[in-house]
Amino acid sequence: MRLRLTTADLGRWVDPETAWMAWCASHPSAFWLDSGASATTGMSYLGIAAETRTSFDGPVLDWLREQSTEVDVASVAGGFRLGWVGWFGYELRSETMGTPRTRQSRYPDAAWLRIEQCLAFDHTTHTVYAYSVGDAEGFRDEVLAALDATPPLLPPDSPAPASDATWAYSDEEYLAMIRECQAAIREGDAYQLCLTTEARVDVSPDPFETYRRLRASSPTHHGALLVADGVALLSASPETFLTVSPSGVVTTSPIKGTRPRGADDAADHELRVELEASAKERAENLMIVDLMRNDLTRVCRVGSVDVTSLLTVESYAHVHQLVSTVRGELLEGLTAIDAVEACFPAGSMTGAPKRSATLILDRLERRARGIYSGAFGYLGFDGALDLAMVIRSIVIDAAGSTVGTGGGITALSIPEEELDEARLKAAALLAVLGARA
């Protein structure tokens, strides 16, 4: 029997934070894809899992290919039309690239939640809809009752002071690793390498309250709170990994090139201009654009892959970033999962050439990256895909919290500046945990 997506207007606006507290907070697996606290356009979605998968008998992508449930989603125009929400961890590269698995993360390589009901927040029209496979009106009434029983939320508390972060490498070790990256580049084994590190904090705070602090301090259009069986991903990511429309249009928007925000307008403008003019940052971005073009040509129609935006500066709460966008059209018969298989892990988190880069980085880093530098988002029942990069993110489980960070290394890199950049990217996240970098 063919299932049908039904919708019902909630009848009033409600802040997603309040909706999470009313409906999702007590569930072990839930999601919130967040356009931001001050969003005036775009959509946000949140809901609880009808099913959670964090372990798989075979390849994760093969399992996802088999999950194509017959659902009529014609009642909703675009966006997330129910389906699967979750993440791919970086170590899934062994599946997509055929490289040896040498590290095992403490986190699941992938976690996916089957979503058969959710709330959809339209920030343009200030309208909230209940989506359901089945009775949307009954679902709406359940949500309204839960909202009526939820007291108003107070502003998020400041984090309790935590111990200083413990880094995976000392400053001297990380600087030496940068120089080893540059040696590999001089030898011709890579053009660019995305070297990473990790900060660990010995606290396991409430994911929802921690995410409230994160979205207030680091607003972004690709925020997320994903909770799956004891592991929580909190993200303020600014970077799109892949989007695929139901008709097969693929886009990717790699970010390479970073400057901090200035203390005043004049300093901020100077830093933005410096980023735009940087030969090192422009070269780094162009190398990743070329890599992503190459990845997409493996699954896209000949002549359809094009760079639609090149070296554009986007500004966020704490940094300026250099962003480009590549677009293509999938070959007939291929799906969003084929695009993931061709492109994962993203070149912006590996370097180029991708295979050589990942092998060099595995040797240098000597640790599993885990969820960091993977991707998160949704795969809809309609075949649409929207994945963001797991950067600017916190992962929380019972053993504590981790923050990944890093940056692209080229022959022109100044090691001390690369170390400073990695610390800058982590600082706001660690502050949310009450820790210092």
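Everything numeric here is computed off the predicted structure, so don't read it as measured data.

Colleague: Could you give me a rundown of unusual backbone geometry, with the residues and numbers involved?
Modeller: Of the consecutive residues Phe344 and Pro345, the connecting peptide bond is found in the cis state with omega at -5 degrees. Examined against the element boundaries, Pro345 turns out to sit in the loop between helix H9 (336–343) and strand E19 (351–352). Cis peptide bonds are those with omega within 30 degrees of zero, and the linkage from Ala352 to Pro353 qualifies with -10 degrees. Its identity as a non-glycine residue notwithstanding, Ser373 has a phi of 70 degrees, on the positive side. Within the fold, Ser373 resides in the loop between helix H10 (354–365) and strand E20 (375–380).

Colleague: Go over helix H11 (residues 415–432), please, and point to the residues and values.
Modeller: An α-helical turn contains 3.6 residues, so any two residues separated by three or four positions project in the same direction. In this model, H11 (18 residues) spans 27 Å end to end at C-alpha, consistent with the 26 Å of a helix rising 1.5 Å per residue. At Ala426, H11 shows its strongest bend, of approximately 35 degrees. Regarding H11, the residues found buried are Pro415, Glu418, Leu419, Glu421, Ala422, Lys425, Ala426, Ala428, Leu429, Leu430 and Val432. Just downstream of H11, Gly434 is the residue with a positive phi angle, here 80 degrees.

Colleague: Could you give an account of the UniProt feature "domain: Chorismate-utilising enzyme C-terminal" (unreviewed entry) in the protein, with specific residues and numbers?
Modeller: Within this structure's numbering, the places UniProt gives as "domain: Chorismate-utilising enzyme C-terminal" (unreviewed entry) are residues 171–425. Helix and strand shares over residues 171–425 are 35% and 35% respectively, and the end C-alpha atoms of the span are 15 Å apart.

Colleague: I'd like a description of the packing of helix H5 (residues 171–186) against H10, backed by residues and values.
Modeller: Contact geometry for H5 and H10: axes closest at 11 Å, N-to-C directions at 150 degrees. Taken together, the axis directions place H5 and H10 in an arrangement best described as roughly antiparallel. For the pair H5 and H10, the crossing hand works out as right-handed. Residues Met177, Glu180, Cys181 and Ala184 of H5 form the contact with H10, whose participating residues are Ile360, Arg363, Leu364 and Glu365. By residue class, the composition of the contact of H5 with H10 is five nonpolar, no polar and three charged.

Colleague: Tell me about the environment of Ser132, and please be specific about residues and values.
Modeller: Structurally, Ser132 can be placed in strand E9 (residues 127–133). Given the relative accessible area of 1%, Ser132 is considered buried. Through-space distance from the C-alpha of Ser132 to that of Arg4 is 8.3 Å; in sequence the pair is 128 residues apart. Once you skip the residues sitting within four places of it in the chain, Ser132 turns out to touch Arg4, Leu5, Thr6, Leu82, Glu116, Gln117 and Phe139. Polar contacts involving the side chain of Ser132 include one to the side chain of Gln117, which spans 3.3 Å.

Colleague: Describe the packing of H5 against H11, and please don't skip the residues or the numbers.
Modeller: Viewed as axis vectors pointing N to C, H5 and H11 meet at an angle of 120 degrees, and their least axial separation amounts to 9 Å. Considering the angle they form, H5 stands oblique to H11. Taken as a pair, H5 and H11 cross one another with a handedness that is right-handed. Note on element contacts: H11 touches H5 through Pro415, Glu416, Glu418, Leu419, Ala422 and Arg423, opposite Asp171, Tyr174, Leu175, Ile178, Arg179 and Gln182. Residues that form the contact of H5 with H11 fall into these classes: six nonpolar, one polar and five charged.

Colleague: Could you give me a rundown of helix H1 (residues 16–24), with the residues and numbers involved?
Modeller: With seven of nine residues buried, H1 lies mostly within the body of the structure. Among all positions in H1, only Pro16, Glu17, Ala19, Trp20, Ala22, Trp23 and Cys24 are buried. Where the residues of H1 are buried, they touch strand E2 (29–34), strand E3 (43–48), strand E8 (117–122), helix H4 (136–148), helix H6 (207–217) and strand E12 (222–228). Two to three positions downstream of the cap, the backbone nitrogen of Glu17 sits 2.7 Å from a side-chain oxygen, assigning the N-cap of H1 to Asp15.

Colleague: For the state of the cysteines, give the residues involved together with the corresponding values.
Modeller: Joining two cysteines, a disulfide is a covalent bond between their sulfur atoms. Enumeration according to the criterion identifies zero disulfides in this entry. Looking at Cys343, it has no disulfide partner, and the nearest cysteine sulfur is the one in Cys300, 7.6 Å off.

Colleague: Pulling in residues and values, what's your account of the side chain of Glu91?
Modeller: You can see Glu91 is positioned in the loop between strand E6 (83–88) and helix H3 (93–97). Buried within the structure, Glu91 lacks any salt-bridge partner; Arg93 is the closest side chain of opposite charge, at an N-O distance of 5.2 Å. Reaching out from Glu91, the side chain makes a polar contact with the backbone nitrogen of Arg369 at a distance of 3.1 Å. In this structure the side chain of Glu91 is engaged in a polar contact, spanning 2.8 Å, whose partner is the backbone nitrogen of Gly370.

Conventions used here
- Residues numbered from 1 in each chain as written.
- Predicted model: local features only at pLDDT ≥ 70, side-chain atom pairs only at ≥ 80, totals over all residues.
- Heavy atoms only, no water.
- Helix = DSSP H or I, 4+ residues; strand = E, 2+ residues; numbered from the N terminus.
- Expected span 1.5 Å × (residues − 1).
- Bend = angle between axes of the 7 residues up to and from the residue.
- Buried < 20%, exposed > 50% of the residue type's maximum accessible area, 1.4 Å probe, protein only.
- UniProt positions renumbered as here; feature names shortened; annotations may be inferred.
- Axes fitted to C-alpha atoms, helices over the stretch in contact; angles between N-to-C directions.
- Parallel < 35°, antiparallel > 145°, perpendicular 65-115°, else oblique.
- Left-handed = near helix turned anticlockwise from the far one by under 90°.
- Contact = heavy atoms within 4.5 Å.
- Nonpolar A, V, L, I, M, F, W, Y, C, P; charged D, E, K, R; others polar.
- Polar contact = N/O pair within 3.5 Å; in protein donor to acceptor, adjacent residues only side chain to side chain.
- Disulfide = S-S within 2.5 Å.
- Lys, Arg positive; Asp, Glu negative; His and termini not counted.
- Salt bridge = Lys/Arg side-chain N within 4 Å of Asp/Glu carboxyl O.

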